[in-house]
Structures are given as structure tokens and as C-alpha cells.
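Results of the structural survey
What follows is the residue order along each chain.
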Amino acid sequence: MEKVSIIVPVYNAVNTLSRCVNSILEQSVSDFVIYLVDDCSSDNSWILMKKLKDLDERIKIYHLEKNSGPSEARNIALDNCEGEYITFIDSDDYIAPNYLEYMLQKTNISDIVISSFVQIDVNGNYLREYRANNNYYADNYIKALDIAYGMKDDLDFVYNLCCNKLYKKELFKTIRFPVGRLQEDAFVLAYILYQTKKPISCA
């Protein structure tokens, strides 16, 4: 059983998926499995996924017969993954080589670890950085919910996105993403934050 299950929903991502997957395969830790779920793409994403699977035995692929959105794709992976921890990465994103290593260092005290992230445009140009810092450390779910849904500043996205976080898998035991709902990240995170019994850390 892998330490970390990395869930990547895929939809018409033929131009960005290789970069995403390669950034995961280049991690400084290796105990992970990548779950790629094709949401019935109309481009060659599924063909590319099959090629990527042949590169590394830690890549598992799934294909939806009907386009259902990222929630259903993530849910399929949640139903099949076996890691102690879960992280979500979108197919047009990529991560630093030490991403998992830094996040895992905080799991001795936290069931949810949050990272900073940089926003770029389609050409890879820097737009801005969203930085998770110790001001957003939460030692109980009430404070976590207040930060995520009460405070209004540039760091709202740090809490409300399902990406940029490492989760203890058991937090998703009875929780799945709502299919067909906009802003599904913020909807689900409220329930996840409520469930956590440990402090939420920033890496």
C-alpha cells in the first residue's frame, strides 16, 4: 500500500498532462501512486494516459464513459486509492520536486497540511503567489472554518481549494465531491475541516 495517493482528474489535458505527471514522478520521495481519471475527454488525453501508464508502475488510469466533471473523476479515484494520505493535483498544474517531502514532514502533528502555490498563465508566466503561513495555522476545526469561510483576503483560496493540501485518507471515509456542483472544493472542505481532530499545518 502506498504512502500517498495522488489524484489527478483529466479533461482535454493533452497539452499539460505530461508536465503534470513528470513533476510528480520527479518527487524527492517515491512512496506514492498516481490515479489519473479521464473525464471522457474529447482530445487524445486517454491515449496519452495509456502511454504515461507504461512509463511507471505507480500510475493507474481510469476512464469515464460520460463527461461528469472533476467531482466524479475525483470520487472514482477516492473509491479506489489505498494510500494513508491523499493529495489532489489538477492536470494543468505541476508541483515542485520536494512538494510531497515537505508536506509529509508535518503529518506527525496534522491530518491536513496546506502548501503555498503560484498562479501562472497559459504561457507559464508568473501572475501571483498565494502563501500559506503560520497565521493560518488552526488548532481546532472552529478556527479552521472561520479562516476558510469567515476571513476575506487574498488567502481565501489557500484554504478553499482541494488542491495544495495533503489529507489523512480517513477524513474522506464518508465524504465525496458533489457531482454537478460549482465550487465543489469549498463545499467539501467545510466537512473535511469539521472532521479533523488535529491542528492544520502550513508547509
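To keep things clear, this report deals only with the structure shown in the data block.

What counts and what doesn't
- Residues numbered from 1 in each chain as written.
- Predicted model: local features only at pLDDT ≥ 70, side-chain atom pairs only at ≥ 80, totals over all residues.
- Heavy atoms only, no water.
- Helix = DSSP H or I, 4+ residues; strand = E, 2+ residues; numbered from the N terminus.
- Buried < 20%, exposed > 50% of the residue type's maximum accessible area, 1.4 Å probe, protein only.
- Contact = heavy atoms within 4.5 Å.
- Axes fitted to C-alpha atoms, helices over the stretch in contact; angles between N-to-C directions.
- Parallel < 35°, antiparallel > 145°, perpendicular 65-115°, else oblique.
- Left-handed = near helix turned anticlockwise from the far one by under 90°.
- Core = buried A, V, L, I, M, F, W, Y, C linked by side-chain atoms within 4.5 Å.
- Pairing = 2+ DSSP bridges.
- Phe/Tyr/Trp six-rings, centres within 6.5 Å; stacked < 30°, edge-to-face > 60°.

Relative to the helices and strands, lysine 168 resides in strand S8 (residues 165-168). Lysine 168 gets classed as buried once you look at its relative accessible area, which sits at 17%. Apart from the residues lying within four places of it in its own chain, the contact partners of lysine 168 are Glu84, Tyr85 and Asp111.

Contact geometry for helix H1 (residues 17-25) and helix H2 (residues 45-53): axes closest at 11 Å, N-to-C directions at 25 degrees. Relative to H2, the element H1 is oriented roughly parallel. Relative to H2, H1 is oriented so that their crossing is right-handed. On the side of H1, the interface is formed by Leu17, Ser18 and Val21, while H2 contributes Leu48, Met49 and Leu52.

With that settled, consider the nonpolar core. Formed by 35 residues in total, the largest nonpolar core has its most connected members in Phe88, Tyr159, Phe172 and Ile192. Counting only elements with at least two residues in this core, the list comes to strand S2 (32-38), helix H3 (70-80), strand S4 (85-88), strand S5 (112-114), helix H5 (141-149), helix H6 (156-160), helix H7 (184-195) and strand S9 (200-202). Not counting residues within four places of it along the chain, the set of residues in contact with isoleucine 192 comprises Ile112, Tyr167, Leu171, Phe172 and Ile175. Counting residues in each nonpolar core, the second largest holds 26 residues, with Val10, Ile61, Tyr85 and Val113 among its members.

Below, the discussion takes up the pairing of S8. The two faces of S8 match: Lys165 and Tyr167 on one face and Leu166 and Lys168 on the other face are all buried. In terms of strand pairing, S4 meets S8 through three bridges, oriented antiparallel. Residue threonine 87 lies in a different strand from S8, and its bridge partner there is leucine 166. For S5 and S8, the ladder comprises three bridges, and the chain directions are antiparallel. Residue pairing across strands places valine 113 opposite leucine 166, the latter belonging to S8.

Moving on, we come to the packing of aromatic side chains. Centre distance and the angle of the planes are the two values used to describe a pair of aromatic rings. Across all of its chains, the model carries eight aromatic pairs by this definition. Judged by centre distance (5.4 Å) and plane angle (90 degrees), the rings of phenylalanine 88 and phenylalanine 177 are edge-to-face. Placement of phenylalanine 88 in strand S4 and of phenylalanine 177 in the loop between S8 and H7 is noted, with a sequence separation of 89 residues between them. On the basis of relative accessibility, which here comes to 1%, the residue phenylalanine 88 falls in the buried class. Taken together, the aromatic side chains of Phe88, Tyr167, Phe172 and Phe177 make up a single cluster linked through ring pairs.

What follows covers the sheet that holds strand S1 (residues 4-10). Strand pairing in a sheet takes place through backbone hydrogen bonds and is either antiparallel or parallel in direction. One open sheet accounts for seven strands, arranged S3-S2-S1-S4-S8-S5-S9; its pairing is mixed. The strands lining the two open edges of the sheet, one partner per strand, are strand S3 (59-63) and S9. Taking each pair of neighbouring strands and ignoring which way they run, the sheet shows an average axis angle of 20 degrees. Of the strands in this sheet, S1, S2, S3 and S4 are in contact with H3, which crosses S1 at around 150 degrees.

Spatial relationships are all this shows, so hold off on functional conclusions.
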